[in-house]
Amino acid sequence: MSALALIAFALWALFMLYLPHIVEFLRIRRFASTIPGPSIGELIENAKKGQILAWLNSLYKKHGTVFRIWFGKDLTVFFSDPEDVKQILSNNKLLKKSKSYELIEVWLGKGLLTSSNEAWQRHRKLLTPAFHFRILGEFKEPMEDNCQILISKLREKANGEQFDIYPYITLFALDAILETAMGLKKNAQMQSESEYVKAVQTICRVLYKRLFSFWHRFDLIYRFTDAYKERIEALKVLHGETNRMIKLRRQMLQDTNIHNMADAEKSDEVGGKRRLAFLDMLLISQLEGGGLTDLEIREEVDTFLFGGHDTTSSAMGFCIYLLSQHEDIQQRAYEEAVAMQGREKETMRYLEAVIKETLRIYPSVPSYSRKTQEDLQIGNITVPKGVAISVLAYMVHRDENNYPEPEKFNPDRFLDNDKELHPFAFVAFSAGPRNCIGQKFAMLELKLALSSLLRSYELLPVKGFVPNHLAELVMKSGNGIQIRMRPRK
Ligand code: HEM
């Protein structure tokens, strides 16, 4: 065979290899032309401005509840109608996450948040008991200890002067998740300079930055950036620490003769405490023979850490801001917090409504996406295979049919007409099979922290302050959470 024929054959083989992708892409392009949406130029311009949520809001107003955006060659269709959201989130065939989740795999690997198919199903089944409310109750005490540290750290700020409370909250949330996920008392609140705490903050920052950067998305370019170097250093610390903890907790189980759950239930001591961290539960199920590999365990522990600290700090920060702005609502929440002291695990009707209303206006995860693995009918649209579908919780929560005056902070919505709401009108924790596994954990932590804060301090508004909410992977306020505080008498 001549060289030319060889080249022609190679080209043909390559073409045949890519043919299905080319056909799929052409179908997607044809479909995209039937859905309204902005140009790529508009995307770049708005990403540069950093006001993605305001832009998505304007697209919703212009195009309605369904619109599309091209992210490079990847198409995402955004949905905000509760009826469409119901079809998306309850569909058992739509469980695969979209491509943007691959960016966080360097840290989380194929943990629960990023994995799909059988691996996800197996892990979810294995992890669900660890989030059972009875087990979570065991964490009330360490969470309360961390709340006390938060209250005392804030004492120096409770002088009526303006300050940013957000850094205090993040360290509190990090301590709460480190202690419960890994059994690790890190005292981030006391040692904010620790190498580990800094690595968590660095990795969150560089991963978010990459998600919304056009250039950093190209691997070849990214490898030459400072962010890449920072990422490598942070991952070394993070993975090193999780591996160290796996070794340490395994040794503790061995030393206390715990080989299965029955032994653990009988034992009083796991590392000096009766409580089992999520990590212990995973290690015990490994000992019982049906568990995960060491790598899978590390990925899950890192996933809890990521999923569990930024989301709750965001919710807590926005809730404090809203309470500081609404004296009457704060007073009602305060009275309930006083009446329920020590019983926060029980229903706290008003504070729960306050938290839900906060998450309605400021959903910690403003949108989340799946990828279609086959053509899919949603409402009157047939979405072709290979398209990312995004639930835009931020706009679902601003649907005027369910929420008249949607920008108004009114927790009574969740007391008065909760039953009249569309079941998919509130999706801050997502819904269906891939909903947030940690939502009960999050509610317990938020209730404990907010009620002890309310009992200790009066939250006062800062004149003219409005949070600049940014759509990072987790919604944040770009200008912090500025408040003033006074001790309660
Ligand atoms: C206010 C607090 C929280 C909010 C608003 C929240 C929200 C969400 C949302 C919207 C999802 C779905 C994401 C997606 O489909 O891509 C999710 C998934 C998840 N969350 Fe949360 N979350 C919170 C707290 C937590 C906590 C405290 C933990 C862990 C202790 C946690 C662990 C997870 C995990 C592991 C998943 C993936 C579940 C799966 O795919 O099976 N979250 N969360």
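- Going by an unreviewed UniProt entry, the protein carries the name Probable cytochrome P450 4s3 isoform X1 and comes from Bactrocera dorsalis.
- A UniProt comment under Cofactor (unreviewed entry) is attached to the protein, and it reads "heme".

## Quick word on the overall build of the protein
Then, in step 1: The helix and strand tally for the protein stands at 20 helices and eleven strands.
Then, in step 2: For 489 residues, the compact-globule formula gives about 23 Å, and the C-alpha radius of gyration of the protein, at 24 Å, lands near that figure.
Then, in step 3: Here the C-alpha coordinates of the protein stretch approximately 85 × 60 × 45 Å along the principal axes.
Then, in step 4: Counting every position in the protein, which comprises 489 residues, the buried fraction comes to 54%.
Then, in step 5: For the protein, the share of sequence-separated contacts (at least 6 apart) that also reach a separation of at least 24 residues comes to 72%.
Then, in step 6: Here the protein displays about 23,000 Å² of accessible surface, and carbon together with sulfur accounts for 54% of that area.
Then, in step 7: Taking the average place of the 66 positive charges on the side chains of the protein and the average place of its 60 negative ones, the gap between the two points comes to 4 Å.

## Digging into empty space enclosed by the protein
Then, in step 1: Considering all chains together, one arrives at one cavity of 30 Å³ or more under this definition.
Then, in step 2: By volume, the largest cavity is sized at about 40 Å³.
Then, in step 3: What lines the largest cavity is simply Ser-100, Tyr-101, Leu-103, Ile-104, Leu-207, Tyr-208, Leu-211 and Leu-473.
Then, in step 4: Residues of the lining of the largest cavity, tallied by class, amount to seven nonpolar, one polar and no charged.

## Brief notes about the coordination of the iron atom of the ligand
Then, in step 1: Within the protein, a single donor atom binds the iron atom of the ligand, namely Cys-436 (SG) at 2.3 Å.
Then, in step 2: Tracing the backbone shows Cys-436 in the loop between α19 (413-416) and α20 (439-456).

## Some details on helix α3 (residues 52-63)
Then, in step 1: Under the 1.5 Å per step criterion, the end-to-end length of α3 is 16 Å for twelve residues, consistent within 8% with the ideal 16 Å.
Then, in step 2: Every buried residue of α3 is listed here: Ile-52, Leu-53, Trp-55, Leu-56, Asn-57, Leu-59 and Tyr-60.
Then, in step 3: Where α3 is buried, its residues contact α2 (40-49), β1 (66-71), α18 (393-396), β9 (469-471) and β10 (475-477).
Then, in step 4: Taken from the residues just after α3, Gly-64 is the one with a positive phi, measuring 95°.

## Focus: the sheet that holds β1
Then, in step 1: With respect to topology, four strands assemble into an open sheet ordered β1-β2-β7-β4, the strand pairing being mixed. The open sheet has two edge strands with one neighbour each: β1 and β4 (368-371). Across the sheet, the mean angle from the axis of one strand to that of its neighbour is 25°, orientation sign disregarded.
Then, in step 2: Both β4 and strand β7 (residues 388-391) contribute to a ladder of four bridges, which runs antiparallel. If you follow Lys-371 over to β7, its bridge partner there is Ala-388.
Then, in step 3: The strands touched by helix α1 (residues 3-32) within the sheet are β1 and β2 (74-79), with β1 carrying the most contacts at an inclination of about 135°.

## Some remarks on the sheet that holds strand β3 (residues 163-164)
Then, in step 1: Read from one edge to the other, the open sheet built from three strands follows the order β3-β11-β8, with strand pairing classed as antiparallel. Each edge of the open sheet is held by one strand with a lone partner, namely β3 and β8 (457-460).
Then, in step 2: For β3 and strand β11 (residues 482-487), the ladder comprises two bridges, and the chain directions are antiparallel. When the bridges of β11 are listed, Phe-163 appears paired with Ile-483.
Then, in step 3: Taken strand by strand, helix α15 (residues 294-325) contacts β8 and β11, and its axis lies near 80° from that of β8.

## Some details on a nonpolar patch on the surface
Then, in step 1: On the surface, Ile-7, Phe-9, Leu-11, Trp-12, Leu-14, Phe-15, Met-16, Leu-17, Tyr-18, Ile-22, Phe-25 and Leu-26 cluster together into a nonpolar patch covering about 1,200 Å² of accessible area.
Then, in step 2: Tracing the sequence through the fold places Met-16 in helix α1.

## Focus: the packing of aromatic side chains
Then, in step 1: Taken as a whole, this structure holds twelve aromatic pairs when the rule is applied.
Then, in step 2: With a centroid separation of 5.7 Å and an interplanar angle of 75°, the aromatic rings of Trp-107 and Phe-306 are classed as edge-to-face. Pair noted here: Trp-107 is in helix α5 (residues 105-108) and Phe-306 is in helix α15, with a separation of 199 residues, a long-range link.
Then, in step 3: The exposure class of Phe-306 is buried, given its relative accessible area of 6%.

Conventions and cut-offs
Residues numbered from 1 in each chain as written. Predicted model: local features only at pLDDT ≥ 70, side-chain atom pairs only at ≥ 80, totals over all residues. Heavy atoms only, no water. UniProt positions renumbered as here; feature names shortened; annotations may be inferred. Helix = DSSP H or I, 4+ residues; strand = E, 2+ residues; numbered from the N terminus. Rg over C-alpha atoms; globule rule 2.2 N^0.38 Å. Buried < 20%, exposed > 50% of the residue type's maximum accessible area, 1.4 Å probe, protein only. Contact = heavy atoms within 4.5 Å. Areas by Shrake-Rupley, 256 points an atom, 1.4 Å probe, with all protein chains shown as cover. Lys, Arg positive; Asp, Glu negative; His and termini not counted. Charge placed at Lys NZ, Arg CZ, Asp CG, Glu CD. 1 Å grid on protein atoms, 1.4 Å probe; cavity = no way out; pocket = protein on both sides within 12 Å on 5 of 7 lines; lining within 4 Å. Points joined across faces, edges and corners; volume = space filled by probe spheres on them. Nonpolar A, V, L, I, M, F, W, Y, C, P; charged D, E, K, R; others polar. Donors = N, O, S within 2.8 Å, 3.2 Å for Na, K, Ca; no water. Expected span 1.5 Å × (residues − 1). Pairing = 2+ DSSP bridges. Axes fitted to C-alpha atoms, helices over the stretch in contact; angles between N-to-C directions. Patch = residues over 30% accessible without salt bridge, like charges linked within 9 Å, V, L, I, M, F, W, Y side chains within 5 Å. Salt bridge = Lys/Arg side-chain N within 4 Å of Asp/Glu carboxyl O. Phe/Tyr/Trp six-rings, centres within 6.5 Å; stacked < 30°, edge-to-face > 60°.

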